[in-house]
Structure formats: structure tokens, C-alpha cells
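Residue strings, one per chain:
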Amino acid sequence: MSKRIVILGAAESGAGAAVLAKKQGFEVFVSDLAEIKDKYKKLLDDHHIEWEEKQHTEEKILNADEIIKSPGIPDKAPMIQKVRQKGIHVISEIEFAGRYTDAKMICITGSNGKTTTTSLIYHILKEAGYNVGLAGNIGSSLALQVAECSFDYYVIELSSFQLDNMYDFKADIAILMNITPDHLDRYDFKMQNYVDAKMRITQNLTENDAFVFWNDDPVIKRELEKYDIKAQLYPFSEFHEDDAIAYAEEQEYIIEKPTPFNMELEELALRGKHNLYNSLAAGITANIAGVTNEFIRKGLSSFGGVEHRLEKAGKVRGVEFVNDSKATNVNACWYALESMRKPTVLILGGVDKGNDYSEIYDLVREKCIGLVFLGVDNKKLHECFDSFGIPIADVQSMKDCVDECYKMAEPGSCVLLSPCCASFDLFKNMEDRGEQFKECVKHL
């Protein structure tokens, strides 16, 4: 009798896992408490996979041999609690997919910078002619690609939620960008729980693997003392110091090993301190993967950036608009503000995940000429920023938000959407928030 796999959540990762499970000969059932998008229904129907939406039928779920859980479903969800009580093993889609491919896995995590770094590594490898897939938090689901494609390499962006349910999966090159507070609402508001999830990127690494990390991150430094990581270590830093093997010095971008590489900083496509870190991590990774210096240089200088990450959204009568909707935590906003060179009207707000806004106080005082709070409940933002003496407005729609920002702005200034928060109070997701922002700017 074939093993029964139940998949909870039928979006990108769940639908992809279902297709792979079916291909591997399992009995498959997919259940989603929400409505399933038409494209995923079609995918499941095309593969003759049984599914249900807007409900969880216990007798069809609790008889599973193994459950693949969507990263969006918290462990506190009632059905997950019942699954745990029954002792059914719960894994992530990435863990499942990893069982059925021998491709090299390049895995990236971090509180900030992971999407840009993932996209940049993929861009460099693709430019160099590698047979490579893009997966995880961006791109198509890894499971679907394992089922339908035949890549030699995968570049995978991993969230802490995906890492939570990974056990035997192993990266060949693991990249850890940074660890700053994020998603604390999912981790009992305990920073260490979140840190432990991020550090899972290092599990199962062997001496044949590589671990690339930001050498100046105090949390990573502290955590590394607790772990016996067998992989080759490749620390990067803004400056030439300590053990860093990649850094910037005298306007040059330098990698010392495995293959020495350097280029002028001004040739890099991405600007700003945070992007230097992203470019260093991507360059070392490509270097370890055997990409030649010529293609590393080409890739680092031709990359077009990532949507919703410090993306230029337009200029209206001398006022520049920047879409950084991906900034769903305070540290991401810090990097965005740090890179601003003009007086800034900053848009904050949304679903607070246990944020500590004190991290951006100095930059707000130094750079901001106005604040617009875009959220259902802005009470905490008012408590934090009302005393700054900066003009503040409250809005509940993107149109009102952009109009209000435009009133506060002056020629030669900038409006920055870098909200520090999740978007689910007023928008479908952070992409929807960014798209609406760009659309409203167009109609000014």
C-alpha cells in the first residue's frame, strides 16, 4: 500500500509538493482552509490530485503517514496541534523536494537582503551559462521544479518558517546574511527562538560544503561559538578586518578566496551599504560555485535589482518616489533610510510583528521631513514618533497615503515606502502594497 502524504496549504509550495508526491507514487490529499487560487486548482486537477478548500476534514488529514505544511501556517494552528498530538511527522516542501534531487543546493537566509542576494546569485550563474533554477520564497516551488525540470543547481531563498520544518535537507553552499528581530509574533516574542530557526541553515553541513556569512553581525558571531560547523567558512565584511575573506577597501570590491577577485566598487550595479553586503555574499558564492571572474564581474555590474526593494517608482515635479514595500521589519527600513540622500517623507505602518522602532529614531530625526502612518492601528507608531516634532498624517488607503506624502514633500525631496510592518491589515500582501503605491504615483 502506498504511503499517504497530506499537504496543508495549496499555494505555490503546497501545490508543487502535491505534484512531486504524486509523481513519486504517493497517495496525495491537499487541504486548504482558504480558497485555492484557480491556477493551483488547475495544476492539482491536471495531475488527478484530490483537494479541498475552505475546510480541513480531520479524517482525511489525521490518517497521513507524513504531512507537508505550508510555511504560512503557524504551529499554533488547531489542525497542526491535532497532527502533533497524533505524532505525525510534519515537514516543509523544501525538505520533501530535497529527497528527490541530486542538484547542488545554494541556500540563502537572513532577516534582510535575502531576496536581492538570491536573485543576484541566480543572475550571475545564469549569465555564466549554468543550468540553474530559482526557488523557495521566490521563483517556482522547488518541489514543482524537481518534479518537472532537471537543473544541476538550485538557488533557494529560505525563510525562517521554511527552515523550521527542515531536518535532513542539506545545503552545499549556505549563506546567512544577518539576524535582526523579525516575525517575533510567530516565535512567542522570543528572539532566541527566531535566531535558532535562522541557524538551521547550517545543519548537516560537511567539510565539503561552504558557509558564507556576515562577519560583523553580533548575533551570528555569538551563535557561531555554540555550533561546531564543519563546512569551509567564508566570512564577509564591509571592511578588511578580522577573518573576512571578502570586503571593500580603497573603492575596490575584493574576494581573497577560493579564487582571488577584485573590481571597482563603482562598477557594482547595486548601490548603498546593504547592497555591498548582498554583492559580497553573491560574489563569494558564485566564486565557490566555480564561476569565472569574468562572469562574476559581468553579473555584479549588470544586475537590474529586485521589485519592491528600493525600487524607483517615479518622479513628480521634483519629488522622487521609492517603493521599498519589502521592508517588513525595522532593520530593513534602517538600511533604506541610511541610503537616502534627500530629505525624506517616510511611510510606516501595517501589522506590527513586535517591532522595536528605536533602531531608526536617529535616522528619522536626521533624514525625515514628514511621516505618514498607513495602517488600521497606528497607536504604537504615534507613541514612538509623536514627540519628534515632525509633521505626521494617518491614512487608511494607498491613494490617501500618496496624496498626503505629496503634500508634505517639497521639490528635491523623496517619498519612501519602507513600512517596517507586514501588509495584511490593508493589503493582500507586500507585493499588492508596492503595486498600489506605484499605481497611485502614476496618477499624481
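Before reading on, note that the structure itself is shown above.
Just so you know, these numbers come straight off a predicted model, no measurement behind them.

Bringing the overall build of the chain into the picture now. Helix and strand content of the chain: 17 helices and 20 strands. By the compact-globule yardstick of 22 Å for 444 residues, the chain fits well, its C-alpha radius of gyration being 22 Å. On the principal axes, the C-alpha backbone points of the chain span a range of 70 × 50 × 40 Å. Looking at the chain residue by residue over its 444 residues, the buried ones come to 58%. Of the roughly 18,700 Å² of accessible surface on the chain, a fraction of 48% belongs to carbon and sulfur atoms. Averaging the locations of the 51 positively and 71 negatively charged side chains of the chain gives two centres separated by 3 Å.

This structure, assessed with the given rule, holds 16 aromatic pairs. Summarising the aromatic geometry, the rings of Phe96 and Tyr100 are spaced 5.3 Å apart at their centres and angled 65° between planes, so their arrangement reads as edge-to-face. On the accessibility criterion, Phe96 (0% relative accessible area) is buried. The class of Tyr100 is partly exposed, set by a relative accessible area of 27%. Pairing Phe373 with Phe385 gives two aromatic rings, centres 6.4 Å apart and planes at 50°, and the pair type is tilted.

Each value, and the rule that gives it
- Every chain is numbered independently, its residues counted from 1 as its sequence is written.
- The predicted origin of the model limits local features to residues at a pLDDT of at least 70 and limits the giving and counting of side-chain atom pairs to 80 or more, whereas totals for whole chains, interfaces and linings rest on all residues.
- Only hydrogens and water are set aside; all other atoms, that is, all heavy atoms of the structure, feed into the side-chain values.
- A helix here means a DSSP run of H or I that spans at least four residues, while a strand means a run of E at least two residues long, and both kinds are numbered starting from the N terminus.
- As defined in this context, the radius of gyration uses C-alpha atoms, and a globule is described by 2.2 Å times the residue total to the power 0.38.
- Under the scheme applied here, a residue whose accessible area is under 20% of the maximum for its type counts as buried, over 50% as exposed, and between as partly exposed, the area being computed with a 1.4 Å probe on protein chains only.
- Throughout, the Shrake-Rupley method with a 1.4 Å probe supplies accessible areas, and for residues the shown protein chains are the sole cover considered.
- Asp and Glu are treated as the negative residues and Lys and Arg as the positive ones, with His and the ends of the chain left uncounted.
- Every charge is mapped to an atom, namely NZ of Lys, CZ of Arg, CG of Asp or CD of Glu.
- Here is the rule: rings of Phe, Tyr and Trp (six-membered ring for Trp) pair when centre to centre is within 6.5 Å. Planes less than 30 degrees apart are stacked, more than 60 are edge-to-face, and the remainder are tilted.

Interpretation in functional terms is not warranted from these geometric data alone.
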